[in-house]
Amino acid sequence: MTALNDLRLSIDGMSCAACVGRAEKALRGVEGVADVSVNLASESAALHYTAPADPARIAAALDSAGYPARRASVTLDIEGMSCASCVGRVDGALAALPGVTDVNVNLASETATLRYLEGVTTPAEIIRAVATTGYTATLRDGGEAVGIGTRKEAEAAQLRRELTLAALLTLPVFIVEMGGHLIPPFHHWIMANIGMQVSWVAQFVLTTLVLALPGRRFFAKGLPALLRGAPDMNSLVAVGTLAAWGFSTVATFAPALLPAASRAVYFEAAAVIVTLILLGRFLEARAKGRTGAAIRALMNLSPRHARVLRDGTEAEIDASALVTGDLVLVRPGERIPADGQIETGESHVDESMITGEPVPVTKAPGDPVTGGTVNGSGALRFTTTAVGADTTLSQIVRMVEEAQGAKLPIQGLVDRITLWFVPVVMAAAALTTLVWLIFGPEPALSHALVAGVAVLIIACPCAMGLATPTSIMVGTGRAAEMGVLFRKGDALQALQGVEVIAFDKTGTLTRGHPELTNLIPAGDWTRATLLPLIGAVEDQSEHPIARAIAETARTETGALPTATGFRAQAGFGVRATVNGHEIMIGADRMMTRQKIDIAPLTDQAREFANAGKTPLYAAIDGEIAALIAVSDPLKPTTRQTIATLHDMGLKTAMITGDNTATARAIAAEAGIDHVEAEVLPRGKVKALENLRANGARLAFVGDGINDAPALAAADIGIAIGTGTDVAIESADVVLMSGDLRGVVNALDISRRTMRNIRQNLFWAFAYNTALIPVAAGLFYPALGWQLSPMLAAGAMALSSVFVLTNALRLRRARPLLKEGQTT
């Protein structure tokens with residue numbers, strides 16, 4: 001089976017949910033493309049593809065649909081080129097990069113200029129591609145691609161200029177026309193000193209300038225979309241304002257073509273509509289720029305420069321030029337530029353920006369460090385183990401971006417509605433105009449124009465398209481700042497619906513660092529004679545309990561003898577030969593399977609189990625030799641987390657391989673409702689099915705390594721991370737620290753985000769449901785209500801701004817449980 005390639009593109013020209021639907025349709029029409037998700041808030045598309053599809057064909061499909069993939073340009077200074085073959089090698093390496101559309105390598109200026117699809121490749125990857133050819137490339141200032149925040153800042157600045165011009169041109173039109181309606185003496189003054197015709201001509205000039213200059217964006221996008229048979233929000237604005245302007249222009253310069261009773265102008269409506277919608281777009285651009293604040297904050301954690309030691313010489317280089325194996329020097333207070341392992345130096349490193357844990361972590365030679373974290377008071381020298389896109393920080397950013405671009409199941413209904421929404425609105429506007437012309441009172445034509453334009457303007461589906469993705473962007477970004485990564489966007493919706501939280505025990509509920517607490521010899525064996533033999537066997541195992549026994553044996557007896565023939569039986573125990581003795585260590589079920597009598601020690605084992613200790617047996621040469629008790633204490637935050645989950649209305653369960661008595665004792669100490677004990681590693685999935693027998697939705701919390709099958713089988717898999725192990729493919733949610741309070745915070749942010757989405761969707765749909773009939777004049781016969789197109793434009797702009805502002809409230813979300821908090 002051919003592997004699928006991932007692709008993420010930035011898209012221009014989308015303004016509403018209908019645009020999203022048409023962009024998705026265009027992408028799905030490319031052979032080889034699957035799993036398409038277009039996001040209005042981030043103005044991006046995420047998809048999978050295989051041959052014959054490629055980035056160029058995919059971008060061409062978007063271009064044809066009127067929603068072009070965004071391109072960026074970059075210029076590199078290249079050192080070391082000396083001939084045409086050098087140019088050829090660099091040109092070939094750059095042209096081979098996915099998403100690169102044009103390359104120009106210049107030997108005389110020692111530069112390379114290229115255009116590429118934003119989101120497909122990055123300047124850092126381009127620089128590394130040049131490095132593979134043996135040349136050194138540096139990025140010229142200003143060559144970096146901009147993110148949505150920077151892009152929206154530039155867009156907001158442009159909109160501010162257009163809005164200012166539109167407002168200055170509109171204000172005289174509004175004052176003259178509306179002031180005359182509201183203040184009769186002012187109207188009489190205009191008629192006496194300016195005259196109606198001169199006033200209308202002046203309004204025509206000013207309004208035409210508004211439509212031709214700041215309003216040109218609506219016509220440049222809306223009319224071509226209309227001609228393609230795929231009208232969008234811009235089409236509604238273009239048709240509405242053109243109708244008002246066209247009618248008014250006829251009334252001004254060819255009044256004989258209209259009935260006498262209908263000779264009126266609506267220039268102020270056309271001008272005010274453009275001005276108010278530009279105001280809405282301006283506020284929307286500013287708000288959109290803030291939705292990606294968390295991503296930008298994460299990206300800004302990576303320093304731009306790094307100090308390396310190459311060939312014995314210290315040099316400062318661009319961080320994007322680091323390669324695996326570089327020796328990097330970090331001074332006190334500096335950010336660490338890449339992942340690596342410390343060679344020399346000791347310090348405390350602040351990893352809060354990655355894990356959410358505020359307490360600095362002590363680092364010494366041999367310890368790992370993570371790019372983007374802050375070095376404390378000591379100087380460090382470390383070897384890079386991951387650079388560029390492979391670093392932990394880059395993986396986190398990629399996870400958050402993927403989650404932010406995801407399409408939740410709740411969005412499916414919105415998409416189905418909005419794809420046809422604009423054409424239906426245009427038909428409704430036409431029908432409204434026709435009904436007013438036939439049944440409306442005089443002047444019927446004027447009433448019809450007002451109602452038709454009001455329907456067109458009031459019903460722009462911007463708020464519908466923004467309702468879900470903006471909340472997802474802000475919610476997942478805020479979660480990442482808390483150390484909670486939603487690897488899959490739909491997990492955000494699924495997590496808030498879980499009813500049972502099941503936990504792995506060792507390393508999840510407990511510290512994961514067991515201690516040998518008791519060793520009771522049997523027969524002629526003593527602690528001194530047993531520990532070297534038992535320790536030698538357990539030293540071959542990586543299990544935390546085995547490490548605890550081996551560590552105690554080494555501490556008490558010194559160097560351990562050599563074990564041979566080591567074998568591990570998952571869920572039972574281990575066996576090996578030491579100094580000629582056949583040794584078995586494991587649970588009671590292992591001894592029972594081997595027909596070894598453990599009766600003399602079972603009462604004591606039961607006491608240990610009831611005290612929350614894990615009892616194990618050791619047999620030597622087929623005879624019982626010892627009872628071993630190991631204790632793994634609960635994490636300090638376990639009880640608090642379980643209690644809070646109960647307060648949130650959830651049931652809790654624990655799945656463990658421990659014997660039933662031990663498991664129940666630990667569960668009682670933690671406050672857990674249900675226990676699945678004596679579960680073999682391969683039986684965890686079956687244990688989850690038992691917990692889910694009544695149809696309850698279930699989340700499983702594990703360490704992300706041993707628990708991969710259970711994490712994948714649960715409705716939601718939550719992996720406890722370590723701050724560096726973030727590429728846990730089986731999990732839906734990753735907690736960057738080992739703190740269980742992250743489970744509560746993940747649930748809380750999920751619930752907050754979904755509540756926010758429901759609020760947005762209710763507003764967007766209720767707004768259109770309530771105001772379209774008002775705009776159409778449904779209440780005119782009974783109450784005399786007819787909505788002005790100007791008020792319609794203001795309400796439409798307010799709708800989008802409301803949705804974005806409501807989503808941005810999630811940025812203020814605080815962890816439900818945080819460091820130092822007690823219940």
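Residues numbered from 1 in each chain as written. Predicted model: local features only at pLDDT ≥ 70, side-chain atom pairs only at ≥ 80, totals over all residues. Heavy atoms only, no water.

### Focus: the sheet that holds strand β21 (residues 573–578)
1) Next: Across the sheet, six strands lie side by side as β19-β24-β23-β22-β21-β20; this open sheet has antiparallel pairing. The open sheet is flanked by β19 (515–521) and β20 (563–569), the only strands paired with a single partner. Adjacent strand axes in the sheet meet at a mean angle of 20°, parallel and antiparallel pairs treated alike.
2) Next: Across seven bridges, the pairing between strand β23 (residues 614–620) and strand β24 (residues 623–631) is antiparallel. Counterpart to I620 in the pairing with β24 is E623.
3) Next: Here helix α20 (residues 527–538) sits on the sheet and contacts β19, β20, β21, β22 (581–586), β23 and β24; the angle it forms with β19, its principal contact strand, is near 130°. (Pairing = 2+ DSSP bridges. Helix = DSSP H or I, 4+ residues; strand = E, 2+ residues; numbered from the N terminus. Axes fitted to C-alpha atoms, helices over the stretch in contact; angles between N-to-C directions. Contact = heavy atoms within 4.5 Å.)

### Things to note about the environment of L747
1) Next: Inspection of the secondary structure puts L747 in helix α28 (residues 741–776).
2) Next: Taking the C-alpha atoms as reference, L747 lies 6.4 Å from L495; in sequence the two are 252 residues apart.
3) Next: If we skip the residues at most four places from it in the chain, L747 touches L495, V498, I501, L645, M648 and L650.

### Examining the side chain of T207
1) Next: Among the secondary structure elements, T207 is positioned in helix α7 (residues 196–212).
2) Next: Leave out the neighbours within four places in its chain, and T207 touches V173, W245, F267, A270 and A271.

### A few points about the confidence of the model for the protein chain
1) Next: On average, residues of the protein chain carry a pLDDT of 82, and 90% of them reach 70 or more.
2) Next: Contacts of residues 142–146 to residues separated by more than four positions or lying in other chains number 11 contacts, the stretch itself having pLDDT below 50. (pLDDT = per-residue confidence, 0-100.)

### Quick look at the sheet that holds strand β2 (residues 33–39)
1) Next: Taken together, three strands build an open sheet; the order of strands is β1-β3-β2 and the sheet is antiparallel. Edge positions in the sheet fall to β1 (5–10) and β2, since each has one partner strand and no second. Going from strand to strand, the sheet's axes swing by 15° on average, the running direction of each strand aside.
2) Next: With five bridges joining them, β2 and strand β3 (residues 44–49) adopt antiparallel strand pairing. In the strand pairing of β3, A34 is matched with H48.
3) Next: Packing of helix α2 (residues 55–65) onto the sheet brings it into contact with β1, β2 and β3, and relative to β1 it is tilted by some 40°.

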